[in-house]
Number of protein chains: 2
Amino acid sequence: MGNSENTEKTGEGFERAAGAQAQMRKGVLELCILSILSQGDAYPTEIIDKLKDTKLVVVEGTLYPLLTRLKNTGLLGYRWEESTSGPPRKYYKLTEIGEQYLKELQVSWTELVDAVNKTIEKGKK
Amino acid sequence: MGNSENTEKTGEGFERAAGAQAQMRKGVLELCILSILSQGDAYPTEIIDKLKDTKLVVVEGTLYPLLTRLKNTGLLGYRWEESTSGPPRKYYKLTEIGEQYLKELQVSWTELVDAVNKTIEKGKK
DNA sequence: ATTTAGTACTATGTGTTGCAAGGTACTTAA
DNA sequence: TTAAGTACCTTGCAACACATAGTACTAAAT
């Protein structure tokens, strides 16, 4: 047994919640990035901005390795394009394989949401 | 610079999709387990069965360390209880802290679902 | 009484992944 | 020449799910 009552010793309560939020996002980033690219080619900084619009904050150290991974798997391709305001940009693009894969991920996402909602709704009744 | 479109067909389909599915589940397990325990105390094997009912398959090697983690954080407590058909069972129980934390996780989950859906819906229109 | 099968909990090692932190390189303006 | 802004890249770490293997208790079969 041994539970505790050490509520709010620290006052702020659940800094852990931030960690769990981050944890929950794992895996869906791939889905989001592929979705964004399905709307049109984009370069990394642009992708980060679009994710920010939907409250999904992603940083460079996360995005760049992920894009490279997706490229190496054949889901993405890219081209360089000059910019009028800075260094050249690396525009990523969904490949055909990437499009098929995206569809599968969307199905997986829907199934996951259903499964989780089914589980947590029982607890709310 | 300037290469492009290295599409590199791998030919075979997406055994990778299985990996991404697994990846997407990460982090929501905590939410699901706490939700299940909010419906009443349960021991690990029972939890696994309940998760199976909602298509979220989890194995022992995943569940036990997670439960220990949640217990050490003070979100769960447990008690031993005799069984008529085997070794004693470790019944886990939500603490008060755990209940509050669960509520936060549910909010985070809802926000995540909204954010992801917002992102992928743009790609579908 | 010893073995076998079933149930339940525990421990260890590995691969993936998100992220913080730091670095390089190009462009424009002061 | 310096500074500031933009953009891309790398390294090292920590968290986590999972596979695998192991321990322990009970009851039925031999």
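Residues numbered from 1 in each chain as written. Chains lettered and ligands numbered in written order. Predicted model: local features only at pLDDT ≥ 70, side-chain atom pairs only at ≥ 80, totals over all residues. Heavy atoms only, no water.

> What exactly am I supposed to notice about the overall build of chain A here?
In terms of helices and strands, chain A carries 5 helices and 2 strands. Starting at the N terminus and ending at the C terminus, chain A contains elements arranged as α-α-α-α-β-β-α. Taken as a whole, chain A presents about 6,700 Å² of accessible surface, with 49% of it coming from carbon and sulfur. (Helix = DSSP H or I, 4+ residues; strand = E, 2+ residues; numbered from the N terminus. Areas by Shrake-Rupley, 256 points an atom, 1.4 Å probe, with all protein chains shown as cover.)

> How do you make sense of the protein's contact with DNA strand C when you look at a structure like this?
Near DNA strand C lie 24 residues; those nearest to it are Arg25(A), Gly61(A), Tyr64(B), Arg89(B) and Lys90(B). In DNA strand C, atoms within 4 Å of the protein come 73% from sugar and phosphate. At a separation of 2.7 Å, a phosphate oxygen of DNA strand C approaches a polar backbone atom of Lys90(B). Looking at the surface near DNA strand C, the elements with two or more residues in it are α4 (60–72) of chain A together with α3 (44–53), α4 (60–72) and β2 (89–94) of chain B. Looking at the surface near DNA strand C, its residues break down into 9 nonpolar, 9 polar and 6 charged. (Near = heavy atom within 4 Å. Polar contact = N/O pair within 3.5 Å; in protein donor to acceptor, adjacent residues only side chain to side chain. Nonpolar A, V, L, I, M, F, W, Y, C, P; charged D, E, K, R; others polar.)

> I tried to follow the pattern of salt bridges on my own but got confused; where do I start?
Once their charged atoms are close, side chains differing in charge can pair, the charge on each being opposite to the other. Residues and elements named next belong to chain A. All told, the structure shown has 6 salt bridges over all chains when counted by the stated rule. Across the pair Asp41 and Arg79 runs a salt bridge whose closest N-O atoms are separated by 2.6 Å. Of the two residues, Asp41 sits in the loop between α2 (28–38) and α3 (44–53) while Arg79 sits in strand β1 (residues 76–81), which places them 38 residues apart along the sequence. Judged by relative accessible area, which is 27%, Asp41 ranks as partly exposed. Arg79 gets classed as partly exposed once you look at its relative accessible area, which sits at 25%. Taken together, the salt bridges that share partners define one network made up of Asp41, Arg79 and Glu81. (Salt bridge = Lys/Arg side-chain N within 4 Å of Asp/Glu carboxyl O. Buried < 20%, exposed > 50% of the residue type's maximum accessible area, 1.4 Å probe, protein only.)

> Can you help me understand the side chain of Thr54(A) in this one?
If you trace the backbone, Thr54(A) turns up in the loop between α3 and α4. Residue Thr54(A) is classed as buried on the basis of its relative accessible area, which comes to 2%. The contacts of Thr54(A), once residues within four sequence positions are left out, are Ala115(B), Lys118(B), Thr119(B) and Lys122(B). (Contact = heavy atoms within 4.5 Å.)

> When you look at the nonpolar core in this model, what are you seeing that I'm missing?
Note on soluble globular proteins: their nonpolar side chains tend to be buried together. Trp109(A) and Trp109(B) are the most contacted members of the largest nonpolar core, which totals 67 residues. Once residues lying within four places of it in the same chain are set aside, the contact partners of Trp109(B) are Met24(A), Val113(A), Val116(A), Asn117(A), Ile120(A), Val28(B) and Leu31(B). (Core = buried A, V, L, I, M, F, W, Y, C linked by side-chain atoms within 4.5 Å.)

> Help me understand the protein's contact with DNA strand D in this model?
Around DNA strand D, 23 residues are found, and the nearest of them are Arg89(A), Lys90(A), Arg25(B), Gly61(B) and Thr62(B). Near the protein, within 4 Å, the atoms of DNA strand D are sugar or phosphate in 71% of cases. Take Thr62(B): an N or O atom from its side chain is 2.8 Å from a phosphate oxygen of DNA strand D. Put simply, the parts of the chain that give the surface near DNA strand D at least two residues each are α3, α4 and β2 (89–94) of chain A together with α4 of chain B.

> What exactly am I supposed to notice about helix α2 (residues 28–38) of chain B here?
Because each turn of an α-helix spans 3.6 residues, side chains separated by three or four positions end up pointing in the same direction. Residues and elements named next belong to chain B. Of all 11 residues making up α2, 10 are buried, and the element is well covered by its neighbours. Among the residues making up α2, those that are buried are Val28, Leu29, Glu30, Leu31, Cys32, Ile33, Leu34, Ser35, Ile36 and Leu37. Looking one or two residues past α2, Gly40 carries a phi angle of roughly 145 degrees, positive in sign.

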